[in-house]
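So the chains spell out like this:
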Amino acid sequence: MANWRYMAIIFLLSVAAAPVSGTAIEAASGKLDLSHWSFTQHPKLALRGEWAFYWQDFIAPAPTQHKTQHQEQQHIYVPGTWNHYVWEGKELPGNGYASYRLVVELPAEREQLALYVKSLYRAADIWVNGERLLRVGRPAREPAGEIPREAFYVVALPDAANRLDIVVHISSFHHIDGGLNRAFELGTYDTIVRHERNRQLLAHAVFGAALVLACIFLTISLTFNRSADRVYAYGAGLSFSYSLRVMGTEKIWFIFNPAIHADWALRFEYYGMILTQVFYVYVIRGLYPTCTSAPVCRLLAALGAASVAFITVTPAAVFAYVRNPWAMSFFLVIGYACWVTLKANKRRLPGALPMAIIAFASLPIMANDVLAFFNVYQGVLYNELAYFLVMSGIVAVLMGRLSGSANEADRLAAALRKANVRLRQRVDARTRELADKVDELDQLNRQAQLDREVAVAANRKKTEFLGIMSHEVRTPLSAIQGGLQLLEQEPLSDNGRLLLDNAIASGASLLEIVNNTLDIARIETSDHHLRGRDFCLYDWIDQLAGLARIPIEAKGLAFITEFSGRLCVEKDTLVHGDSHSLRQILINLLNNATKFTQHGSITLRITQTETTQGTATLLFEVVDSGIGISSVQQDRIFERFFQSDTSFTREHSGTGLGLSISQRLAEAMGGEIKVDSQPGQGSRFYLTIELPIVVKPHALPETELPATPAAVAEQLHILIAEDDKANRDILRILLERAGHSVTETATGCEAVAVCRHQRFDLILLDIRLPGIDGVAACRAIRSLNDHHVNTPIVAVTANINKTDIQAYLSSGLDGVLPKPVSASALGALLRNNRPGGEGPAPRQLEFATTGAEILDEQNLATLLQAIGPESLAEQLLNLQQSLEQLVDALTAACRAHDLRQTREIAHKLKGNAAYQGKNALALLCDQVEHYPDTATAAEWHQLIEQIRQASTLAQDHLSRWMTTHLSSTYAEPQPP
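Residues numbered from 1 in each chain as written. Predicted model: local features only at pLDDT ≥ 70, side-chain atom pairs only at ≥ 80, totals over all residues. Heavy atoms only, no water.

Draft legend 1. Just helix α26 (residues 919-929), in detail. Taken across its 11 residues, α26 has 9 buried, putting it largely inside the fold. Every buried residue belonging to α26 is among Ala 920, Leu 921, Ala 922, Leu 924, Cys 925, Asp 926, Gln 927, Val 928 and Glu 929, and all of these are buried. (Buried < 20%, exposed > 50% of the residue type's maximum accessible area, 1.4 Å probe, protein only. Helix = DSSP H or I, 4+ residues; strand = E, 2+ residues; numbered from the N terminus.)

This is how it looks when you write it as structure tokens:
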């Protein structure tokens, strides 16, 4: 409470410190009677009241000529402007010219008198008793002739006259206000001169002090606390801004440059008025940052900067409009300062009480200044002194703050020296403790190393166990899928067919889970190796889009493809990289987008962003309009087994391994998959990788195309060595239905024993056999006699990673048939086998290794459902005619030794075959596109011949499928 009383006392004293000059006597009807006035007791008074007023007329200054005026006079109050004054029924504008007249009756005995003319910022001629005593600028009846002037003047009056007839011709074309806004003062000559001299001395003192303070604060800010504390920089700005205000209001500019234009004098006055407020608020913020609002300060600074710019580029008649708002804003600024300093004082912050006193003392000072500015009363004599006292208070607070900072620095230095001594002692003690613990840490380190080795071994065992279990899962799964495939050929009811289809789909889903698990196991054990090769990005994109389009459009979604960059749209340049892994990444991302998108579209966007020094930077994007992913889920989306939302687990099933596998593959290729998504707004997965650019070959070695090999035998004698009875039965049934004779064994030893006495055209060995495994059995069979040296021996296994396949082939096996065994893959293997124990050609075994189906009936069923039987039959017939022409053109290009043409035709043929579901044929065409230049001519021609055979075989399967499913619109062509 004591603080509040103290502030109230200061507030009242500050109100009393702003005296109002002058007296209450005023003129009436253009006359002022001072005949009984005592200039001894009251040496000065303001000529306030009603003056005679003549609009748009410069009346004759001589008293004898006033009666000749044709215009009727009216009366207007001085001081004030003629803006909105009603003349002949109309409000007057701010711009124009007029005459003012006042008749003053003087006492008979008096001292010499003088008029004190304050700054008008207008042009005026002042006549007394018909004589022009003062010209301020140059008044005129037109804007072009007017020259405004702004200064203070002392005009001595003649002694003899007892009446003063004062006539003022005034024009205002350079300001928004017109008229006598400042009252003349009449008094004794000595009093007026002394008053003007004191005003000038005070103005110069305040101006000089403000400049000196600005320099001191700026030096402190730049030298001692350049970045830690900006309050001194704000204090420098406040002092300099106030010096500009003093220069403008007190007309100090005219001392340095008497010819300065009045516009610039007014500009500096307005600069000071605006910037003083801005810097005053920032000084308060610098002193008490926790009690102020940064947005308020920034808003005031922005308004101040805009106003200063506006004032600088516009004339006075325009920029003068900013005066009134900023003059009134003094109250808001001072009020805000009072509120801030009260908060700071309540928190007992340093210097808060003096700053609060200064703020409250500033309120009546600003009120007095604004009220005097708007001519409510005359009270401007001591305002500048009051301003100076306020500035002095701020200076005292800032200097005290600097002194406190210096004392605090000394205290901190002493404390730092003591802390340094204590720290040195503690360091010595800790050093001794650490020396005692070195041995203990070494022991812990050795133990940690042993624990790490145990953990690594356990992780290796876990991965091996995962691989074994996956293989063991594949074995019964092979029997299940084989049995389902055989059951699919049996007559079933509609419900039975539905249940069978569901079982086949579930088996395929389970196989995908097993494959994903194996992929993770291979990646973690570093068993996955990038398979770099040269490939055409254009063709790769075409194949990828073809594979992705069918499941997307089957779900009713729009599939949009966007490709840009030379490599994406031209075929004359190859890139080098692992196209298989890259395809796996994109297929995973597209499948994921399809799974979580119910409506809208999925976009595949591939962009060549940069090409430098033989390397292309490619951006792969998959964008969907699905359910989206929250920011929390995005942090874990690439973790293994992560489900984006448990509420969708049932609807969107999966292992949660697809994105993890894709991220691991991307990192192996030197890239990283990232995601941008918002819940309910879809997702964008994108991958950026760099691939080397290679030159595409164009020449084919000159050779002759060999003759077509003889037709294969229809019946083969085949040995099956499989420990799982279910899988063995499936293989036996499939082979016997194909017309082949089969011998079965359950162990490797039995297989070797049978081969001692029988000769086989083909041997199928399970790798994991009891007794001796398939690899050992193969070596034993090869060493029995000459009959089995060239017998084709194929591994039947679930281990189909690259390392395992290479190991099988290098151990003497001729090929790999992956589990679960499909009827189409087994049929492909048999059709590419030559009888008589000569064994299959090495490249023909690639048919079995890929596990590709001859005809993708599921794809055809999807197309049938999508476009209908008639459209599908028509398209398939047209594609078949085109396919036959492409096969002939491919053979001709190979005979003509045109490698480039051969590969281009193979690409077209691949797209044709893929659309018809002829997967094996499409894969052979893909081999032609990427066949190595080092291959011999015979190998080239042999591969082309395989394409011809695969085309014939695929067409036979397609014809049978069309007869079964498109019987109403398609009839199988009969031979002539």
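Don't stop here, the text continues.
Draft legend 2. Quick peek at the sheet that holds strand β21 (residues 717-721). Taken in spatial order, the 5 strands line up as β22-β21-β23-β24-β25 in an open sheet, and their pairing is parallel. Edge strands, defined here as strands with exactly one partner in the open sheet, are β22 (741-745) and β25 (815-818). On average, each strand axis in the sheet is inclined to that of its neighbour by 25 degrees, with strand direction left out of account. Pairing analysis gives 4 bridges linking strand β23 (residues 762-766) to strand β24 (residues 793-797), with the strands arranged parallel. Along β24, the bridge assignment pairs Asp 766 with Val 796. Contacts between helix α19 (residues 774-782) and the sheet are confined to β23 and β24, with β23 contributing the most and set at about 150 degrees to the helix. (Pairing = 2+ DSSP bridges. Axes fitted to C-alpha atoms, helices over the stretch in contact; angles between N-to-C directions. Contact = heavy atoms within 4.5 Å.)

Draft legend 3. Representation of the packing of aromatic side chains within the structure. For the structure shown, the criterion picks out 17 aromatic pairs. Taking 5.7 Å as the distance between ring centres and 80 degrees as the angle between the ring planes, the aromatic pair formed by Phe 53 and Trp 87 counts as edge-to-face. Of this pair, Phe 53 sits in strand β3 (residues 49-55) while Trp 87 sits in strand β5 (residues 86-87), placing them 34 residues apart in sequence. Taken individually, Phe 53 and Trp 87 each receive the classification buried, so the pair is uniform in this respect. Here the aromatic rings of Tyr 116 and Phe 152 are separated by 6.3 Å at their centres, their planes lie at 15 degrees, and the arrangement is stacked. Of this pair, Tyr 116 sits in strand β8 (residues 113-117) while Phe 152 sits in the loop between β10 (131-136) and β11 (153-156); the two residues are 36 residues apart in sequence, bridging distant segments of the chain. The class of Tyr 116 is buried, set by a relative accessible area of 1%. Take Phe 152: its relative accessible area is 18%, and that puts it in the buried class. Positioned above the aromatic ring of Phe 152 is the side chain of Arg 199, whose terminal nitrogen or guanidinium carbon lies 3.8 Å from the ring centre. Directly above the aromatic system of Tyr 686 lies the positively charged group of Arg 684, at a separation of 4.0 Å from the ring centroid. (Phe/Tyr/Trp six-rings, centres within 6.5 Å; stacked < 30°, edge-to-face > 60°. Lys NZ or Arg CZ within 6 Å of the ring centre and 35° of its normal.)

Draft legend 4. Broad picture of the UniProt feature "transmembrane region" (unreviewed entry) in the protein chain. Mapped onto this numbering, the UniProt entry gives "transmembrane region" (unreviewed entry) at residues 201-224, 231-248, 268-288, 300-320, 326-342 and 354-373. Secondary structure within residues 231-248 divides into 100% helix and 0% strand; the distance between the first and last C-alpha atoms comes to 26 Å. Structurally, residues 268-288 is divided into 95% helix and 0% strand, and its ends, taken at the C-alpha atoms, are 30 Å apart. (UniProt positions renumbered as here; feature names shortened; annotations may be inferred.)

Draft legend 5. Representation of the pattern of salt bridges. Enumeration over the complete set of coordinates arrives at 17 salt bridges. Across the salt bridge formed by Glu 105 and Arg 163, the nearest N and O atoms sit 2.7 Å from each other. With Glu 105 in strand β7 (residues 96-105) and Arg 163 in strand β12 (residues 163-172), this pair connects stretches of sequence that are 58 residues apart. Given a relative accessible area of 25%, Glu 105 falls into the partly exposed group. The partner of Arg 605 in a salt bridge is Glu 621, and the shortest N-O contact between them spans 3.4 Å. Here Arg 605, found in strand β17 (residues 601-612), pairs with Glu 621, found in strand β18 (residues 615-624); they are 16 residues apart in sequence, far enough to count as distant. (Salt bridge = Lys/Arg side-chain N within 4 Å of Asp/Glu carboxyl O.)

Draft legend 6. Up close: the packing of helix α18 (residues 748-757) against α19. One way to put it is that α18 packs onto α19 with a least axis distance of 9 Å and a crossing angle of 15 degrees. Taken together, the axes of α18 and α19 lie roughly parallel to each other. Viewed along their axes, α18 and α19 form a crossing whose handedness is right-handed. Contacts from Gly 748, Ala 751, Val 752 and Cys 755 of α18 reach α19 at Ala 777, Ala 780 and Ile 781. Classifying every residue of the contact of α18 with α19 by side-chain character gives 6 nonpolar, 1 polar and no charged. (Parallel < 35°, antiparallel > 145°, perpendicular 65-115°, else oblique. Left-handed = near helix turned anticlockwise from the far one by under 90°. Nonpolar A, V, L, I, M, F, W, Y, C, P; charged D, E, K, R; others polar.)

Draft legend 7. Region of interest: the side chain of His 169. Among the structural elements, His 169 can be located in strand β12. A polar contact is formed between the side chain of His 169 and the backbone oxygen of Ile 59, at a distance of 2.6 Å. There is a polar contact of 3.5 Å between the side chain of His 169 and the side chain of Trp 127. For His 169, the contacting residues outside a window of four places in its chain are Phe 58, Ile 59, Ala 98, Ser 99, Ala 123, Ala 124, Asp 125, Trp 127 and Pro 139. (Polar contact = N/O pair within 3.5 Å; in protein donor to acceptor, adjacent residues only side chain to side chain.)

Draft legend 8. Expanded view of the sheet that holds β11. With respect to topology, 4 strands assemble into an open sheet ordered β2-β13-β8-β11, the strand pairing being antiparallel. Edge positions in the sheet fall to β2 (44-46) and β11, since each has one partner strand and no second. This sheet shows a mean twist of 25 degrees between the axes of neighbouring strands, independent of strand direction. In terms of strand pairing, β2 meets strand β13 (residues 185-188) through 3 bridges, oriented antiparallel. Within the sheet, the bridge partner assigned to Leu 45 lies in β13 and is Leu 186. Against the sheet, helix α2 (residues 189-223) makes contact with β2, β8, β11 and β13, and its axis sits at roughly 30 degrees relative to β8, the strand it touches most.

Draft legend 9. Up close: the nonpolar core. Of all hydrophobic cores here, the largest spans 53 residues; its most connected members are Phe 217, Tyr 270, Tyr 280, Leu 287, Tyr 288, Met 355 and Ile 394. Of all the secondary-structure elements, those providing two or more residues to this core are α2, α3 (231-249), α5 (262-287), α6 (294-313), α7 (316-319), α8 (323-346), α9 (352-373) and α10 (383-488). Top contributing element to this core by residue count: α5, with 14 residues. Not counting chain neighbours up to four residues away, the residues in contact with Tyr 288 comprise Val 340, Thr 341, Ala 344, Leu 349, Pro 350, Gly 351, Ala 352 and Met 355. (Core = buried A, V, L, I, M, F, W, Y, C linked by side-chain atoms within 4.5 Å.)

Draft legend 10. Spatial organisation of the packing of α6 against α8. The interhelical angle for the contact between α6 and α8, taken along N-to-C directions, is 160 degrees, at an axis separation of 13 Å. Here α8 runs roughly antiparallel to α6, going by the angle between their axes. In terms of crossing hand, the pair formed by α6 and α8 is left-handed. Each of Val 296, Leu 300, Leu 303, Gly 304 and Ser 307 in α6 lies in contact with α8, whose residues at this interface are Trp 326, Val 333 and Tyr 336.

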